[in-house]
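Below are the chains, spelled out letter by letter.
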Amino acid sequence: ELPPSEFMQVADSMWLVLSVVSNGREPPGCQATGVTKIARSVIAPLAEHHVSVLMLSTYQTDFILVREQDLPVVIHTLSGEFDIYKEESGECVPVTSDDVSNGFLKPKPSASPMLHPVQSPQTRFCVLTVAPDTLPAIATMLIDVLFYSHSPPWDAATGSQDLDSITFFSFSLIEGYISIVMDAETQKRFPSDLLLTSSTGELWRMVRIGGQPLGFDECGIVAQIAEPLAAADISAYYISTFNFDHALVPEEGIAEVIQLLQQRQESGR
């Protein structure tokens, strides 16, 4: 319904959403949260089969967006480990690889890892949720932050911000569940009794991937970030945007994360 505009860019592909529902059999002692939990079982196999994904971690769960044209490959890749369902008229209907066998494309030979700059601003972030019935109480503040807050200077020539302090605010409303990521300074502007976070109240640091817009055809970026974090049992939330990818990790673990990712990049050169 949005009118065409020279100011709005739209990716060519249509995307479908995959959500992974746990069967309650998490490995004992596994404390990692966010995208780390599905790195090995979903993200890595899709990358190996050259499926480009967008990741959206929320306060409640994680969503993987895949291009509609890649669905046959996705189902063939994941059907060995997962029971796959599609939603039809509000009902979940089982899907088997036989249903899409005619459209299956054999995976291409594995490509070399793609290397992108990894930057970590000093900004500290919070991952929050809000009860839907309290949303009107913070609506004015949300509008102010989303549309009227000033961003750090943007250098159009280099396509980069001053990453000592990055502006990042994510608001998602999915099936009635609200998820917000905001920096700790912005959080102070909101009524503290309306913002719900984990009992530990932990803060997160960001790793931003990409020195310039990444595009949508490249695959394996999420896997290259998520796999080493999963191997080290480090919690992570991952948010893909139109231009860049962002991984949020616990503040106390940021030094280890940067070291792991640098080692991964060096090994791929």
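None of these values were measured; they are calculated from a predicted model. (Residues numbered from 1 in each chain as written. Predicted model: local features only at pLDDT ≥ 70, side-chain atom pairs only at ≥ 80, totals over all residues. Heavy atoms only, no water.)

Section: unusual backbone geometry
When glycine is set aside, most residues are seen to have a negative phi, and most peptide bonds are trans.
(1) Moving on: For H50, which is not glycine, the phi dihedral falls at a positive 60°.
(2) Moving on: With respect to the helices and strands, the residue H50 is situated in the loop between α1 (39–48) and β2 (53–57).
(3) Moving on: Accessibility expressed as a relative area gives 24% for H50, which makes it partly exposed.
(4) Moving on: Despite not being glycine, D233 has its phi angle at roughly 60°, a positive value.
(5) Moving on: Residue placement: D233 occurs in the loop between α5 (221–231) and β13 (237–240).
(6) Moving on: Of the residues examined, D233 reaches a relative accessible area of 39% and is grouped as partly exposed. (Helix = DSSP H or I, 4+ residues; strand = E, 2+ residues; numbered from the N terminus. Buried < 20%, exposed > 50% of the residue type's maximum accessible area, 1.4 Å probe, protein only.)

A word on helix α2 (residues 71–78)
(1) Moving on: Of all eight residues in α2, six are buried; the element is thus mostly enclosed.
(2) Moving on: All of the buried residues in α2 are P72, V73, V74, I75, T77 and L78.
(3) Moving on: At its buried positions, α2 is contacted by β1 (15–19), α1, β3 (62–67), β4 (84–88) and β5 (91–95). (Contact = heavy atoms within 4.5 Å.)

Overview of the packing of aromatic side chains
(1) Moving on: One pass over the full model with this rule turns up four aromatic pairs.
(2) Moving on: For the pair W15 and F216, a centre-to-centre distance of 6.0 Å together with 65° between the ring planes defines the contact as edge-to-face. With a gap of 201 residues between them, W15 in strand β1 and F216 in the loop between β12 (204–209) and α5 connect regions that are remote in the sequence.
(3) Moving on: Geometrically, the ring pair formed by F125 and F168 is edge-to-face, given 6.1 Å between the ring centres and 85° between the ring planes. Here F125 is found in strand β7 (residues 124–128), whereas its partner F168 is found in the loop between β9 (160–161) and β10 (170–174), with 43 residues between them in sequence. By the burial criterion, F125 is buried, and F168 matches it. (Phe/Tyr/Trp six-rings, centres within 6.5 Å; stacked < 30°, edge-to-face > 60°.)

As for the pairing of β3
(1) Moving on: Across the six residues that make up β3, a large majority, five, are buried.
(2) Moving on: As paired strands, β1 and β3 are joined by five bridges and run antiparallel to one another. For V17, the partnering residue across the bridge sits in β3 and is L65.
(3) Moving on: In textbook terms, the turn of a hairpin is the stretch between consecutive antiparallel strands, and for β2 and β3 this stretch comprises four residues. (Pairing = 2+ DSSP bridges.)

Regarding the pairing of β5
(1) Moving on: As paired elements, β4 and β5 share five bridges and run antiparallel to each other. Considered in β5, the bridge of E87 is made with C92.
(2) Moving on: Where β4 hands over to β5, the hairpin turn is made up of two residues, of which S89 adopts a positive phi near 55°.

Looking at a nonpolar patch on the surface
(1) Moving on: Among the surface-exposed residues, I143, L146, F147, Y148, F171 and L173 lie close enough to one another that they form a single nonpolar patch of about 650 Å² accessible area.
(2) Moving on: For the nonpolar patch, the secondary structure elements donating two or more residues are α3 (135–147) and β10.
(3) Moving on: In terms of residues, the nonpolar patch owes the most to one element, α3, which gives three residues.
(4) Moving on: With respect to the element layout, F147 can be found in helix α3.
(5) Moving on: Since its relative accessible area comes to 61%, F147 is described here as exposed. (Patch = residues over 30% accessible without salt bridge, like charges linked within 9 Å, V, L, I, M, F, W, Y side chains within 5 Å. Areas by Shrake-Rupley, 256 points an atom, 1.4 Å probe, with all protein chains shown as cover. Salt bridge = Lys/Arg side-chain N within 4 Å of Asp/Glu carboxyl O.)

Thoughts on the packing of α1 against α2
The packing of two helices is summarised by the inter-axis angle and the distance between the axes.
(1) Moving on: Where α1 contacts α2, the axes come no closer than 10 Å and their chain directions differ by 130°. Here α1 is positioned oblique relative to α2, judged by the angle of their axes. In this structure, the crossing between α1 and α2 has a hand that is right-handed. Side by side, α1 and α2 meet where S41, V42, P45 and L46 of the first sit next to V74, T77 and L78 of the second.
(2) Moving on: Along the lines of polarity and charge, the residues of the contact of α1 with α2 split into five nonpolar, two polar and no charged. (Axes fitted to C-alpha atoms, helices over the stretch in contact; angles between N-to-C directions. Parallel < 35°, antiparallel > 145°, perpendicular 65-115°, else oblique. Left-handed = near helix turned anticlockwise from the far one by under 90°. Nonpolar A, V, L, I, M, F, W, Y, C, P; charged D, E, K, R; others polar.)

A short note on the confidence of the model for the chain
Keep in mind that low pLDDT regions are not for reading the predicted coordinates in detail.
(1) Moving on: Model confidence for the chain is summarised by a mean pLDDT of 83, while 82% of its residues fall at 70 or above.
(2) Moving on: Segment residues 24–31: pLDDT under 50, and five contacts once partners within four positions in sequence are set aside and those in other chains are kept. (pLDDT = per-residue confidence, 0-100.)

With respect to the pattern of salt bridges
(1) Moving on: Under the definition given, this model contains six salt bridges.
(2) Moving on: Residue D217 pairs with R67 through a salt bridge whose shortest N-O separation is 2.8 Å. With D217 in the loop between β12 and α5 and R67 in strand β3, the pair connects residues that are 150 residues apart, well separated along the chain.
(3) Moving on: Residue classification places R67 among the buried residues on the basis of a relative accessible area of 8%.
(4) Moving on: One salt bridge connects K188 with E185, and the closest N-O pair in it is separated by 3.1 Å. Pair check on accessibility: K188 and E185 agree, each one exposed.
(5) Moving on: What emerges from the salt-bridge pattern is a single network uniting R67, D70 and D217.

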